[in-house]
Amino acid sequence: NDYINSSGMSNYLQSWEYGNAKKEIEGWNLERVVIKNNNEIIGYFQMLVKNLGPISLCRINRGPIFINKNSQKIKYDVLNLIKNNYSILKRKIVIFTPELYNIPENVAILKLLNFKKRGHLQWNSTVVNITKSEENLRGNLNGKWRNQLKKSETYNMRINIGSSVSLFNWLIKKYKEMQINKSFS
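Residues numbered from 1 in each chain as written. Predicted model: local features only at pLDDT ≥ 70, side-chain atom pairs only at ≥ 80, totals over all residues. Heavy atoms only, no water.

(A) Spotlight on the environment of Glu-99. Assignment of secondary structure puts Glu-99 in the loop between β5 (92-97) and α4 (104-112). The exposure class assigned to Glu-99 is buried, which follows from its relative accessible area of 11%. Between the C-alpha atoms of Glu-99 and Ile-42, which are 57 residues apart in sequence, the distance is 14 Å. Only 2.6 Å separates the side chain of Glu-99 from the side chain of Arg-62, close enough to count as a polar contact. (Helix = DSSP H or I, 4+ residues; strand = E, 2+ residues; numbered from the N terminus. Buried < 20%, exposed > 50% of the residue type's maximum accessible area, 1.4 Å probe, protein only. Polar contact = N/O pair within 3.5 Å; in protein donor to acceptor, adjacent residues only side chain to side chain.)

Printed below as a string of structure tokens:
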């Protein structure tokens, strides 16, 4: 997790806690990889692995995370290295969702490497500077979001915060129900 702090960006799918939870609850194996260029750490990723007989299913969710700004050539080289080290020729099927901005240069890298887009679903993350005032943060929201936020605040909602085993078990039960209802793993 020290690398997360030095990368300037992160996502929970690459956090050690997420990997440990997937291992504990769903039985995934973990591979954590540090990427170096000339002995300098330039990135990292966490991969979830399930062995299916002679083949391994490998998932890299929202990684690798690059530390500092890296050239397009370095990004290309890193993604090519991942592609070559985790290939069907090595009895590994890789499901890979790279942590790259959706800009033409990155799309070109993925096309050059023959990565195939699965489906049309995509989701985005954003970074919010929470040192600004609540009024400023609300004022910068899209109007529709701001209206939905105001409406949601009128509901009589209750949030349970805790670390009890029963609360955790409830959360896991709800997560498993969602996995079944929404067909994801």
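And the narrative resumes.
(B) Representation of the nonpolar core in the model. Counting residues in each nonpolar core, the largest one holds 15 residues, and the members touching the most others are Phe-45, Met-47, Ile-60, Val-78, Leu-79 and Ile-82. Residue contributions to this core peak at four residues, all from strand β2 (residues 40-52). Ignoring sequence-local partners within four residues, the contact set of Val-78 consists of Ile-35, Ile-42, Pro-64 and Phe-66. (Core = buried A, V, L, I, M, F, W, Y, C linked by side-chain atoms within 4.5 Å. Contact = heavy atoms within 4.5 Å.)

(C) Seen up close, the packing of aromatic side chains. Under the definition given, this model contains five aromatic pairs. Summarising the aromatic geometry, the rings of Phe-96 and Phe-115 are spaced 5.2 Å apart at their centres and angled 45° between planes, so their arrangement reads as tilted. Remark: Phe-115 occurs in the loop between α4 and α5 (134-139) and Phe-96 occurs in strand β5; sequence separation between them is 19 residues. Seen from their ring centres, Tyr-175 and Phe-184 are 5.8 Å apart, and the 70° between their planes marks the pair as edge-to-face. Across from the ring centre of Trp-28, 4.9 Å away, lies the NZ or CZ of Lys-50, which sits over that ring. Sitting over the face of the ring of Phe-115, Lys-83 holds its NZ or CZ atom 6.0 Å from the ring centroid. (Phe/Tyr/Trp six-rings, centres within 6.5 Å; stacked < 30°, edge-to-face > 60°. Lys NZ or Arg CZ within 6 Å of the ring centre and 35° of its normal.)

(D) Just the side chain of Arg-62, in detail. As for its placement among the helices and strands, Arg-62 is situated in the loop between β3 (55-61) and β4 (65-66). When its relative accessible area of 9% is taken as the criterion, Arg-62 is described as buried.

(E) Layout of helix α7 (residues 165-182). Over its 18 residues, α7 runs 25 Å from end to end, which matches the ideal 26 Å to within 8%, given 1.5 Å per residue. Two residues or fewer past α7, Ser-183 is found with a positive phi of approximately 55°. (Expected span 1.5 Å × (residues − 1).)

(F) Highlighting the pattern of salt bridges. Applying the stated criterion across every chain yields a total of six salt bridges. Notably, a salt bridge pairs Glu-26 with Lys-22, separated by 2.7 Å at the nearest N-O pair. Taken as a pair, Glu-26 and Lys-22 lie in helix α2 (residues 16-26) at a separation of four residues, close to a single helical turn. Of the two residues examined, Glu-26 and Lys-22, each falls in the buried class. For Lys-174, the salt bridge is made with Glu-177, and the minimal N-O distance between the two is 3.8 Å. With Lys-174 and Glu-177 both in helix α7 and three residues apart, this pair spans about one turn of that helix. (Salt bridge = Lys/Arg side-chain N within 4 Å of Asp/Glu carboxyl O.)

(G) Focus on the pairing of β3. Among the seven residues that make up β3, five are buried, leaving the element largely enclosed by the rest of the structure. The pairing of β2 with β3 spans five bridges and is classified as antiparallel. The residue of β3 that forms the bridge with Leu-48 is Arg-59. With antiparallel pairing between neighbouring strands as the criterion, β2 and β3 make up a hairpin whose turn holds two residues, including Gly-53 at a positive phi of roughly 70°. (Pairing = 2+ DSSP bridges.)

(H) Examining a nonpolar patch on the surface more closely. A contiguous nonpolar surface patch, about 340 Å² in accessible area, is contributed by Ile-88, Leu-89 and Ile-93. Tracing the sequence through the fold places Leu-89 in the loop between α3 (72-85) and β5. (Patch = residues over 30% accessible without salt bridge, like charges linked within 9 Å, V, L, I, M, F, W, Y side chains within 5 Å. Areas by Shrake-Rupley, 256 points an atom, 1.4 Å probe, with all protein chains shown as cover.)

(I) Spatial organisation of unusual backbone geometry. The amide bond that connects Gly-63 to the next residue, Pro-64, takes the cis arrangement and shows omega of 0°. Position of Pro-64 among the secondary structure elements: in the loop between β3 and β4. A positive phi is found at Arg-91, a non-glycine position, where the angle reads about 60°. Within the secondary structure layout, Arg-91 lies in the loop between α3 and β5. Despite not being glycine, Ser-183 has its phi angle at roughly 55°, a positive value. When you line up the elements, Ser-183 lands in the segment after α7.

Honestly, that's just the spatial picture; any functional story needs more than this.
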